[in-house]
Amino acid sequence: MTEQRVIIEMGMGNDLHGMDYQEAAKRAIEDAIRHSTLPIFQSIGLPHTNMRVQVTVAVQEPDQIDCDALKSGLPRGRAEVRAVTGGLNVPNRETGDTAVLATASVEAFLPSQVGKWKHS
């Protein structure tokens, strides 16, 4: 079945003192989700389980990310989470802390809706 991407949102998260990539990634995903809403589900009676959610998080050390834990925090759809190299580490030479910044994209896909409804 052909899918159509119905939304893509971007988010940014950080951990300023703990150098916790997981926390920064979680915050980036939450930031992206806070920027979106999909009223189509209520409008046309489409079940959330029809939606595939593809999440990509980027941090400097992607092997530090537990993708299954991030997946469990997503509110809707059939989720996939992957971690890639990206984001940013910002060292503070005065304190020895490193701020960790993560970026995330959250994409939602639905089965093709072509011909199933029309604008009136």
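Above this note sits the structure.
Rules used in this analysis
- Residues numbered from 1 in each chain as written.
- Predicted model: local features only at pLDDT ≥ 70, side-chain atom pairs only at ≥ 80, totals over all residues.
- Heavy atoms only, no water.
- Helix = DSSP H or I, 4+ residues; strand = E, 2+ residues; numbered from the N terminus.
- Contact = heavy atoms within 4.5 Å.
- Core = buried A, V, L, I, M, F, W, Y, C linked by side-chain atoms within 4.5 Å.
- Buried < 20%, exposed > 50% of the residue type's maximum accessible area, 1.4 Å probe, protein only.
- Salt bridge = Lys/Arg side-chain N within 4 Å of Asp/Glu carboxyl O.

Whenever I open this one, the side chain of Glu107 confuses me. Can you help?
In this structure, Glu107 sits in strand β5 (residues 98–111). Those residues in contact with Glu107, other than ones at most four positions away along the chain, are Arg5, Ile7, Ile8, Arg52, Val53 and Gln54.

What is the right way to look at unusual backbone geometry in this model?
Of all residues except glycine, most have a negative phi; of all peptide bonds, most are trans. For Met19, which is not glycine, the phi torsion reads 50 degrees and is therefore positive. With respect to the helices, strands and loops of the structure, Met19 is situated in the loop between β1 (3–15) and α1 (21–34).

Is there a simple way to explain the nonpolar core in this structure?
For soluble globular proteins, nonpolar side chains are generally found buried alongside one another. Grouped together as the largest cluster of nonpolar side chains are 26 residues, with contacts concentrated most on Ile29, Val55, Val57, Ile65 and Leu70. Those elements that provide at least two residues to this core are α1, α2 (40–44), β2 (52–59), β3 (78–85) and β5.

Sorry, what's going on with the pattern of salt bridges here?
A side chain of one charge can pair with a side chain of the opposite charge when the charged atoms of the two come close. Counting across every chain of the model gives six salt bridges. The residue Glu107 makes a salt bridge to Arg5 at a minimum N-O spacing of 2.7 Å. One end of the pair, Glu107, is in strand β5; the other, Arg5, is in strand β1, and 102 residues separate them in sequence. Residues Arg34 and Glu30 are paired through a salt bridge, measuring 3.9 Å at the closest nitrogen-oxygen approach. Taken together, the residues Arg34 and Glu30, both in helix α1 and four residues apart, mark about one turn of the helix. Assessed through its relative accessible area of 62%, Arg34 is described here as exposed. Where salt bridges share partners, they join Glu3, Arg52 and Glu80 into one cluster.

As far as function goes, none of this settles anything; it's purely spatial.
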